[in-house]
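# Working through the structure, step by step
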Amino acid sequence: MTKIYILGENSFLAKNFYLYLKKLHHQIFLISHNDINKLINIKDDDVIINFCGVNRSDTWEKYNEGNHLFLRL
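Report follows, based on the coordinates. (Residues numbered from 1 in each chain as written. Predicted model: local features only at pLDDT ≥ 70, side-chain atom pairs only at ≥ 80, totals over all residues. Heavy atoms only, no water.)

### Some remarks on the overall build of the protein
- When its secondary structure is counted, the protein shows two helices and three strands.
- Secondary structure elements of the protein, listed N to C terminal, follow the sequence β-α-β-β-α.
- Dimensions along the principal axes, computed over C-alpha positions, put the protein at roughly 40 × 25 × 15 Å.
- If you take every contact in the protein between residues at least 6 apart in sequence, the share linking residues at least 24 apart comes to 54%.
- For the protein, the accessible area works out to roughly 5700 Å², and carbon and sulfur atoms hold 54% of it.
- For the protein, the distance from the average position of its 9 positive side-chain charges to the average position of its 8 negative side-chain charges is 7 Å. (Helix = DSSP H or I, 4+ residues; strand = E, 2+ residues; numbered from the N terminus. Contact = heavy atoms within 4.5 Å. Areas by Shrake-Rupley, 256 points an atom, 1.4 Å probe, with all protein chains shown as cover. Lys, Arg positive; Asp, Glu negative; His and termini not counted. Charge placed at Lys NZ, Arg CZ, Asp CG, Glu CD.)

Here is the structure:
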């Protein structure tokens, strides 16, 4: 069965999307960016939806690291 992983446990949008989908799909997981290592076991038919990101930062480097470089991992 296809599993759905929602990445962004601290995101308002991710939490609400998770609660909505949980009513429709039983194999759904809400995970934090700190738990990204859980994604090592995904299969080809699994789905990852990313809500992680930085919307405010002190420097361009922190913004770039949180939004661009993080997605390449």
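### What to know about the pattern of salt bridges
- Summed over the entire model, instances satisfying the criterion amount to one salt bridge.
- Asp58 is paired through a salt bridge with Lys62; the nearest N and O atoms lie 3.6 Å apart.
- Assessed through its relative accessible area of 70%, Asp58 is described here as exposed.
- The partly exposed category is assigned to Lys62, whose relative accessible area is 48%. (Salt bridge = Lys/Arg side-chain N within 4 Å of Asp/Glu carboxyl O. Buried < 20%, exposed > 50% of the residue type's maximum accessible area, 1.4 Å probe, protein only.)

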